[in-house]
Amino acid sequence: MRDNLRLYSRLERELRRLLPQERIPRVRNLTLRVTGLFLARSVHLSQVVRVWPQPARLVSLENRLRRFLSNRSLSVQRCYAPVVATLLARFSGAPVRLILDLTQVGPAARMLSLSVAYRRRALPLVWRLYRGVKGNVPLRSVCRLLEEVGASLPEGAEVWVYGDSGFGQAEWIEYLRKRGWHFVLRLGGHVKVAAGEDPAWQKLCSWGLQEGQTRDLGAVGLFEKHALTGLRALLDRKERRDKSYFRLGWDYLAHCLRLGHDIPPLRLTPYVDKVIGG
């Protein structure tokens, strides 16, 4: 059996199991779409249909795929939700590392995505598109993504959220703390903290950390304007594109101590490092 036909058959069986309410023709078209994306490693329709196990003219196959994707009754969320639930169920008893990212898509849009780190890859869970190429998205939009994923997390899961500096906001950090989730965020050197017995607010860049150094700040206050307190923080410094960034991990030290580990740097997967400035 040809590789593309073997993959198609396997995916069709799995999608029928996950989507028992969907019509069979729609499941078959979805299977063809996934098979083409995987084998072609391209999102261009003309490339996707070239690897289909279908003996037909490429123009006809491309038109078929275009009609399928244009079907307004096709719900991406309804089709993908069972996949997300199945994927997250595999993390039962293991830490779940969620990656928030805001990426420019094309000349006039941004995509907010939430992925899970798995075997040195970031697997997308939910995403939203927004008009414009600059600026952060509203906090409620970020929280809505986390709520969608949170409903599918294993009960009692240890959750870690990793994010770029665009997510280093006081309201956002308070939201994560209320949910009992840990976080590692990239912060600019201009952000001020108050650490130790010294109540003075100091910029992170004034702490004298060198590239690769890690320091336990103990209990700190974060953001002079909002004065968030009760954060047990670990700080390290990374260099990227001739700029210095600092990564702040809340409860990271306590997590290491609970496991009986020495205090390591904030080691992340390569993709997470790339996202948050490692």
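Residues numbered from 1 in each chain as written. Predicted model: local features only at pLDDT ≥ 70, side-chain atom pairs only at ≥ 80, totals over all residues. Heavy atoms only, no water.

Examining the overall build of the protein
Test applied: Each helix corresponds to a stretch of at least 4 residues labelled H or I by DSSP, and each strand to a stretch of at least 2 residues labelled E; elements are numbered beginning at the N terminus. Remark: exposure states derive from per-residue accessible area (1.4 Å probe, protein chains only) relative to the maximum for the residue type, with buried under 20%, exposed over 50%, and partly exposed in between. Whether two residues touch is decided by their heavy atoms; if any such pair falls within 4.5 Å, the residues are in contact. Note on areas: Shrake-Rupley, 1.4 Å probe, and residue coverage restricted to the protein chains presented here.
The secondary structure content of the protein amounts to nine helices and 10 strands. Burial statistics for the protein: of 278 residues in total, 42% are counted as buried. Taking all contacts inside the protein whose residues are at least 6 apart in sequence as the whole, residues at least 24 apart take part in 50%. With an accessible surface of roughly 15,800 Å², the protein has 50% of that area assigned to carbon and sulfur atoms.

Description of the side chain of Thr-35
Put simply, the rule reads: Nitrogen and oxygen atoms within 3.5 Å of one another constitute a polar contact, given that in protein one can donate a hydrogen and the other can accept it, and given that sequence-neighbouring residues count only through two side-chain atoms.
Along the chain, the position of Thr-35 falls in helix α2 (residues 24-40). Residue classification places Thr-35 among the buried residues on the basis of a relative accessible area of 0%. In terms of polar contacts, Thr-35 uses its side chain to reach the backbone carbonyl oxygen of Thr-31, at 2.8 Å. Those residues in contact with Thr-35 that sit more than four places away from it in its chain are Asn-4, Leu-7, Tyr-8, Leu-11 and Val-51.

As for the nonpolar core
Operational definition: In plain words, nonpolar cores are sets of buried Ala, Val, Leu, Ile, Met, Phe, Trp, Tyr and Cys residues tied together by side-chain atoms within 4.5 Å.
Among the nonpolar cores identified, the biggest contains 41 residues, and Leu-88, Leu-98 and Trp-172 are the most heavily contacted of them. Among residues more than four places away in sequence, those in contact with Leu-88 are Val-96, Val-116, Leu-125, Val-149, Ser-152, Leu-153 and Pro-154. Counting residues in each nonpolar core, the second largest holds 16 residues, with Leu-19, Leu-45, Leu-61 and Phe-68 among its members.

Overview of helix α4 (residues 58-69)
The cut-off we apply is this: To estimate how far a helix should reach, multiply one less than its number of residues by 1.5 Å. The directions from the helix axis to the C-beta atoms are what the arc is built from.
Here α4 spans 17 Å end to end across 12 residues, near enough to the 16 Å set by a 1.5 Å rise per residue. Of the positions making up α4, those classed as buried are Leu-61, Leu-65 and Phe-68. Buried positions in α4, seen along its axis, are confined to an arc of 60 degrees and lie on one side of it. Taken together, the buried residues of α4 touch α2 and α3 (45-48).

Some remarks on the environment of Ser-75
If you trace the backbone, Ser-75 turns up in the loop between α4 and α5 (76-89). Only 3.1 Å separates the side chain of Ser-75 from the backbone nitrogen of Arg-78, close enough to count as a polar contact.

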